[in-house]
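Observations on the three-dimensional arrangement
Below are the chains, spelled out letter by letter.
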Amino acid sequence: MLFYIFESFVNVQQYIAIAAMAAFTICFVLLKLKLPFLPKDKGRAFAVNGEVSKGKIRGVGIIMISTFVLCSIFLLPITKEFILYDILIFLEMLSGYFDDASDKPWSDYKKGLIDLIICIIISVVFVSNNSTTIMIFNYEIYVHPILFAALSTVLLWLGINVTNCSDGVDGLCGSLSIISLLSISFIFFSEIGEQYAVYSFIMIGVLIAYLCFNTSPSSQLMGDAGSRPLGILIVLLVLKSSHPLSYLLLSAVLLVDGIAGLIKIFLKRFLKIEVLKNVRTPIHDEMRKNHGWSDTQVLVRFCIIQLFLSTIQFIISK
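Notes on the structure in this doc start here. (Residues numbered from 1 in each chain as written. Predicted model: local features only at pLDDT ≥ 70, side-chain atom pairs only at ≥ 80, totals over all residues. Heavy atoms only, no water.)

1. A short note on the overall build of the protein
Heads up, the condition is: Runs of E in the DSSP output that reach at least two residues are strands. Runs of H or I that reach at least four are helices, and both are numbered from the N terminus. Atoms counted for the radius of gyration: C-alpha only. Globule rule: 2.2 Å times the number of residues to the power 0.38. Each residue gets one of three labels from its accessible area relative to the maximum for its type: buried under 20%, exposed over 50%, partly exposed in between, using a 1.4 Å probe on protein chains only. Any two residues whose heavy atoms approach within 4.5 Å at even a single point are treated as in contact. The Shrake-Rupley method, run with a 1.4 Å probe sphere, supplies the accessible areas, and residue values consider only the shown protein chains as cover. His is not counted, nor are the chain ends; Lys and Arg add positive charge and Asp and Glu add negative charge. All charge positions are set by atom: Lys at NZ, Arg at CZ, Asp at CG, Glu at CD.
Helices and strands together make up the secondary structure of the protein, namely 13 helices and four strands. A compact globule built from 318 residues should have a C-alpha radius of gyration of about 20 Å, and the protein, at 19 Å, falls within 12% of that. With the C-alpha coordinates aligned to their principal axes, the bounding extent of the protein is approximately 55 × 45 × 35 Å. Counting across all 318 residues of the protein, residues that qualify as buried make up 53%. Of the contacts made within the protein by residues no fewer than 6 positions apart, 76% connect residues no fewer than 24 positions apart. Of the accessible surface of the protein, which amounts to about 14,700 Å², a share of 69% is contributed by carbon and sulfur atoms. Charge centroids of the protein, computed over 24 positive and 22 negative side chains, lie 8 Å from each other.

2. Some details on helix H13 (residues 295-317)
Quick note on the threshold: A helix is expected to span 1.5 Å for every residue after the first.
With 23 residues, H13 should cover 33 Å at 1.5 Å per step; its first-to-last C-alpha distance of 33 Å lies within 8% of that length. Val-298, Leu-299, Phe-302, Cys-303, Gln-306, Leu-309, Ser-310 and Gln-313 are the residues of H13 that are buried. Buried positions along H13 lie against helix H7 (172-187), helix H10 (247-250), helix H11 (252-270) and helix H12 (283-289).

3. Notes on the environment of Ser-95
Looking at the secondary structure, you find Ser-95 in helix H4 (residues 80-101). For the pair Ser-95 and Ile-73, spaced 22 residues apart in sequence, the C-alpha to C-alpha distance is 21 Å. Dropping the residues within four chain positions of it, Ser-95 is found in contact with Trp-106 and Ile-114.

4. As for a nonpolar patch on the surface
Put simply, the test is: Note on patches: the residues involved have over 30% relative accessible area and no salt bridge, like charges join within 9 Å, and the nonpolar side chains Val, Leu, Ile, Met, Phe, Trp and Tyr join within 5 Å. When a carboxyl oxygen of Asp or Glu is within 4 Å of a side-chain nitrogen of Lys or Arg, the pair counts as a salt bridge.
Where nonpolar side chains cluster on the molecular surface, the patch consists of Leu-113, Leu-116, Ile-117, Ile-120, Ile-121, Val-124 and Trp-157 and spans about 580 Å² of accessible area. No other element matches the six residues that helix H5 (residues 108-129) contributes to the nonpolar patch. If you trace the backbone, Ile-121 turns up in helix H5. Classification of Ile-121 as partly exposed rests on a relative accessible area of 39%.

5. Here we look at helix H3 (residues 61-75)
Its 15 residues place the ends of H3 20 Å apart at the C-alpha level, agreeing with the 21 Å of an ideal helix rising 1.5 Å per residue. Counted residue by residue, H3 has 11 buried out of 15 residues, so it is predominantly covered. Within the sequence span of H3, burial applies to Gly-61, Ile-62, Ile-63, Met-64, Ile-65, Thr-67, Phe-68, Val-69, Cys-71, Ser-72 and Leu-75. Buried-residue contacts for H3 involve helix H1 (3-6), helix H2 (12-32), H4, helix H8 (189-214) and helix H9 (223-240).

6. Re the pattern of salt bridges
With the rule as written, the count across this model stands at 11 salt bridges. Of the charged contacts in the structure, one is a salt bridge between Asp-108 and Arg-269, with a shortest N-O distance of 3.2 Å. Of this pair, Asp-108 sits in helix H5 while Arg-269 sits in helix H11, and the two are 161 residues apart along the sequence. Classification of Asp-108 by relative accessible area gives partly exposed; the value is 42%. Arg-269 sits in the partly exposed class, given a relative accessible area of 34%. Here the salt bridges share partners, and the residues they tie into one network are Glu-92, Asp-99, Lys-111, Asp-115, Asp-224 and Arg-228.

7. With respect to the packing of aromatic side chains
Basically, it comes down to this: Pairs were defined over the aromatic rings of Phe, Tyr and Trp, the Trp ring being its six-membered one, requiring ring centres within 6.5 Å. Orientation was assigned from the angle between planes: stacked under 30 degrees, edge-to-face over 60, tilted for the rest. The criterion is that NZ of a Lys, or CZ of an Arg, lies within 6 Å of the ring centre and within 35 degrees of the ring normal, and then a charge sits over that ring.
Inspection of the entire model under this criterion finds 12 aromatic pairs. Arranged with centres 5.2 Å apart and planes meeting at 40°, the rings of Phe-28 and Phe-213 form a pair that is tilted. Of this pair, Phe-28 sits in helix H2 while Phe-213 sits in helix H8, placing them 185 residues apart in sequence. A residue is classified by how much of its surface remains accessible, and Phe-213, at 10% relative accessible area, is buried. Through pairs of rings, three or more aromatic residues link up here, namely Phe-68, Phe-82, Tyr-196 and Tyr-199. Over the face of the ring belonging to Trp-106 we find Lys-110, whose NZ or CZ atom lies 4.0 Å from the ring centre. A cation over a ring is seen here: Arg-301 above Trp-293, with NZ or CZ 4.6 Å from the ring centre.

Structure below.
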């Protein structure tokens, strides 16, 4: 709503900064309050240093995503497409929050089904409002809307789960997500447009506020309520750029960190095939447990790798 008011006396870059600062301020204040309905982490038996998280405030993704949705409603034009994305991202957050707050964690099948339904709906909304022509290097390729919807559903579902898997080291998920969002917004600004750049920077402001409480030693954890909808947003912006393959570089560390575990679980559960027996997953646990990396080393080194790969994507795109 405020987009049209501000556009007459500030430029796009200034408005993006205003949106990011507004989101940061609101989210920081709300997280500082330590609202009483937020659950406490019970510790994760199979995660490296999982016991360290026990007792910390968990599920603050409900604050983060609520702030994101609220800011997007007030700071962006009210269109059917934006509203539908906000609703679906909010629903994904709620499913994650109820899992975070549950005494007994939800089954993978239950969470997977909810993710799949939301991803299908987002794909249908996207196809209904956007071109399905994609760019591969400098070539335009038309993809039939049904095939595009199917492939984007897979990419969205994958994005949800790999981003969720990275949320096991203080600051890692938030920092990698900021790098991905910044990279998409910078490299593909003209493709996604100023409105989706604002959309991206609202989340960046939220994530910076979150990192004030999530850097080691953290006091708050976003949980599934934050990481799962965050994965949706990153993929959605990649789809908006018309360069879906750029996800392979712009979120490469998130992808590699999480996908090994997904493949390992899928093959063992459905095909009774065991792979990567001596590799802990997510990969950040492998680096901590078997290679002696500290949490800080994991965070800094993973971020450096992602920055390097984002730079390669920038070079390729230009």
